[in-house]
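An overview of the molecular structure
Chain by chain, the residues:
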Amino acid sequence: MPSQVYDCRKKGKLHNFETITDIFTLWLHVENWQKKWAEILLFDAIIGNTDRHQENWEIYSFVSKDGRLIEELSPAFDNGTSMGYDILSKNISKKLTNLEAYVNKGTHHMMWLRSDIKHAGHFELLQKLVDKFPETKQSIITKLQIDISPISQDIL
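First things first, this report covers the structure right here in the doc. (Residues numbered from 1 in each chain as written. Predicted model: local features only at pLDDT ≥ 70, side-chain atom pairs only at ≥ 80, totals over all residues. Heavy atoms only, no water.)

Here's the deal with the packing of aromatic side chains
Here is the rule we go by: Stacked, edge-to-face and tilted are the three classes for Phe, Tyr and Trp ring pairs, Trp counted by its six-membered ring, which pair at centre distances within 6.5 Å; planes under 30 degrees apart are stacked, over 60 edge-to-face, the rest tilted. For every residue, the accessible area obtained with a 1.4 Å probe (protein chains only) is divided by the maximum for its type, and the residue is called buried under 20%, exposed over 50%, and partly exposed between those limits.
The full count for this structure, using the stated rule, is nine aromatic pairs. Ring centres of Tyr60 and Phe62 lie 6.2 Å apart, and the angle between their planes is 25 degrees; on these two criteria the pair is classed as stacked. Residue Tyr60 is classed as partly exposed on the basis of its relative accessible area of 38%. For Phe62, a relative accessible area of 36% corresponds to the partly exposed category. Three or more aromatic residues link up through ring pairs in this structure, and these residues are Phe17, Phe24, Trp33, Trp37, Trp57, Trp112 and Phe133.

See the structure below:
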């Protein structure tokens, strides 16, 4: 894959989903990659992760029991720039009073198109993904309907 297609360390100027689409359709053979990306971008939106650049996702491969080479998109990792990581403890209560504004202000590290000049908001990225790949919508809905109350006692 040509290095100029997706810049590795040039301040994220080329981090965009259009290139990711090209990578997955032209070079990789990952089944249901659109659904898997929808789930990762949904997770990023829920936790407010802004840092899903090309060094924070990867493809792994293995040989199946029947001898086929399988390529998979890894689970989300390196989610450190999320969940209000940038809020000083003395300012948390102030930010919580206007949580919606804080969440809406957040943008993803990624843009939608190579030609975009600004980074996409979390919900904007998800909406564009669903518009381009309508089959991802049900997966997002299913994930949003998961009842987390059984584990909420452990994390609160």
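Let's talk about the pattern of salt bridges
Counted only if it meets this: A pair is scored as a salt bridge if a Lys or Arg side-chain nitrogen falls within 4 Å of a carboxyl oxygen belonging to Asp or Glu. Each helix is a run of H or I in the DSSP string that is no shorter than four residues. Each strand is a run of E no shorter than two, and both are numbered from the N terminus.
Summed over all chains, the structure comprises seven salt bridges. Note that Asp22 and Arg114 form a salt bridge whose closest N and O atoms lie 2.9 Å from each other. One end of the pair, Asp22, is in helix α1 (residues 17–27); the other, Arg114, is in the loop between α4 (99–105) and α5 (122–132), with 92 residues separating them in the sequence. Assessed through its relative accessible area of 36%, Arg114 is described here as partly exposed.

With respect to a nonpolar patch on the surface
Applied cut-off: Here the term patch refers to residues with relative accessible area over 30% and no salt bridge, with like charges joined within 9 Å and nonpolar side chains (Val, Leu, Ile, Met, Phe, Trp, Tyr) within 5 Å. Residue burial considers only the protein chains on display, and all accessible areas are found by Shrake-Rupley using a 1.4 Å probe.
A surface patch of nonpolar side chains, about 450 Å² in accessible area, is lined by Ile92, Leu96, Leu99, Val103 and Phe123. Elements represented by at least two residues in the nonpolar patch include exactly α3 (92–97) and α4. Residue position: Leu96 is located in helix α3.

Focus: the environment of Phe133
What counts here: Any two residues whose heavy atoms approach within 4.5 Å at even a single point are treated as in contact.
With respect to the helices and strands, the residue Phe133 is situated in the loop between α5 and α6 (137–144). Taking relative accessible area as the criterion, Phe133 reaches 9% and is therefore assigned buried. In the structure, Phe133 is positioned 95 residues away from Ala38 in sequence and 9.3 Å away in space, judged by C-alpha atoms. Not counting residues up to four positions away in its chain, the partners in contact with Phe133 are Phe17, Thr21, Trp33 and Gln34.

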